[in-house]
Protein chains: 2
Amino acid sequence: MTAQAPGTLFTLGMGPGDPELLTLKAARILGQAPVVAYFAKAGQRGHARTIADGHIGVEAEELRFDYPATTEIPHRDSRYVDAMAACYAAAADAVAARLEQGLDVALLCEGDPFFYGSSMYLFDRLRERFPMEIVPGVLGMSGCWAEAQLPMTHGDDVLTVVPGTMTEAALHSSLLGVDAAVIMKLGRNLAKVRSVLTALGRSDRAIYVERGTMAGSRVLPLAEIADGSAPYFSMILVPGRQGPR
Amino acid sequence: MTAQAPGTLFTLGMGPGDPELLTLKAARILGQAPVVAYFAKAGQRGHARTIADGHIGVEAEELRFDYPATTEIPHRDSRYVDAMAACYAAAADAVAARLEQGLDVALLCEGDPFFYGSSMYLFDRLRERFPMEIVPGVLGMSGCWAEAQLPMTHGDDVLTVVPGTMTEAALHSSLLGVDAAVIMKLGRNLAKVRSVLTALGRSDRAIYVERGTMAGSRVLPLAEIADGSAPYFSMILVPGRQGPR
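So, here's what we can say about the structure.

## Digging into the sheet that holds strand β4 (residues 105-109) of chain B
All names here are of chain B. Pairing is parallel across the open sheet formed by five strands, whose spatial order is β3-β2-β4-β1-β5. In the strand order of this sheet, the two ends are held by β3 (61-67) and β5 (132-135), each with one partner. Direction aside, the axes of adjacent strands within the sheet are offset by 20° on average. Note that strand β1 (residues 9-13) and β4 share five bridges and pair parallel. Bridge assignment links L12 to a residue of β4, and that residue is L108. Here helix α3 (residues 78-100) sits on the sheet and contacts β1, β2 (35-41), β3 and β4; the angle it forms with β3, its principal contact strand, is near 170°.

Structure representation (structure tokens):
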């Protein structure tokens, strides 16, 4: 009896939001995949799944994995880690079951798969057992600086990407001396981030972008955004040495 | 007499190399644009133009701008700056002439337009006079970490992107304490970069990638690449805290 050759797990970067920013490659694989898997918050379609509209084959099986209820607790808090681990373990089992049947699975990931993406947690769990292919996507930050028409890095500029969840001191030392910066995960950290950028003399050129490439996008100088809670799809961009003044 | 409404300059991110990593949006605009402009080294088709094959309309006018002879001198050397400035000024004039006639122009850019891309120099010169639209692309580094199947940043990781052309001391301080790093512009700087990563205890997990997503790509641990001159499409990736060990 011949063993079933396993399917391939295609992890697809879906881009920053505008469905037209999907790559030709991801669109092709989506149309061909017999199984399409994705994560979403309970009760929502999910950003990645929405981008995939129109590309998924009509016969495809869809596997939807709900994230546990998320709050803005540090990723090293054990409650967060345990809940997410259980979620990813269950998702990995479901995906593995299809791959073992010889079915290819397309796993959707907002932005790019290996840049702060949830799909990495499935990749880590399954990479030893199944063939893998990674299709990179347009990063959320690329979508935002394109939306803002903000040239970011020229020549020998250094770029640093930091999460706004860091302590004020850690943010300060991470951003000291860099040329260009992207601060993500703003959430309730906006005041803290503003304070650090001001102390570093970088706040005057900082640009706030919300929902880059999507309907309802906003682009404003940081000074024009009030403190308070920034929504999920928001970040602050600080252009490098030759950027606009 | 009514004034001619100007055309729009569409700056298109062409992605990291694999033509299938072009976005649906860039492919569409390429097919519609009456004028397609791009930079290339004298005597070569150019990376961005090659990716565009099959998408450019048969009637389109192509504007090709040759880069002056390039050597690996720092971008702040006045000889480099002057030669490049003349190149960009001439290119801007040619593009402006078409825009003034009401023709849309698609300007090709390797990777993403605002991430170390040459197209920014035309954008800067023309943005006050003409409508602009920026189409982000898949970054070269995304292509490389996908090719290497190397998860880069999880959770609260900090990512720093640095050019290998920096001094050893500047490289050291830029990379001190970061979680994930990308070192580009390796050229003849490979030994220096290796030395810095070793001093920081980061060399054992560093991965060298050449021609990510293209034919002839190479992915190797840094230890397996000899010192010497690294080709144009090469970089070193250092994954963050949760990356492979």
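## Some points on unusual backbone geometry
Within the chain, K185 of chain A stands out as a residue other than glycine whose phi angle is a positive 50°. Relative to the assigned elements, K185 of chain A resides in the loop between β7 (180-184) and α7 (190-199). Note on K185 of chain A: relative accessible area 28%, which makes it partly exposed. Phi at Q149 of chain B takes a positive value of approximately 50°, unusual for a residue other than glycine.

## Things to note about the environment of S174 of chain A
With respect to the helices and strands, the residue S174 of chain A is situated in helix α6 (residues 168-175). In this structure S174 of chain A comes out as buried when scored by relative accessible area, which is 19%. Taking the C-alpha atoms as reference, S174 of chain A lies 9.0 Å from V161 of chain A; in sequence the two are 13 residues apart. Contacts of S174 of chain A, omitting those with residues within four sequence positions, involve T160, V162 and M166 of chain A together with V158 of chain B.

## Description of the relation of the copies chain B and chain A
Least-squares fitting of chain B to chain A yields an RMSD of 0.0 Å, with the superposition described by an axial translation of 0.0 Å and a rotation of 180°. Interpreted geometrically, this transformation is the action of a two-fold axis. Taken together, the interface assignments show that 100% of the residues at the interface of chain B recur at the interface of chain A, consistent with an identical surface on both copies.

Cut-offs applied
- Residues numbered from 1 in each chain as written.
- Chains lettered and ligands numbered in written order.
- Predicted model: local features only at pLDDT ≥ 70, side-chain atom pairs only at ≥ 80, totals over all residues.
- Heavy atoms only, no water.
- Pairing = 2+ DSSP bridges.
- Helix = DSSP H or I, 4+ residues; strand = E, 2+ residues; numbered from the N terminus.
- Axes fitted to C-alpha atoms, helices over the stretch in contact; angles between N-to-C directions.
- Contact = heavy atoms within 4.5 Å.
- Buried < 20%, exposed > 50% of the residue type's maximum accessible area, 1.4 Å probe, protein only.
- Least-squares fit on C-alpha atoms with pLDDT ≥ 70 in both.

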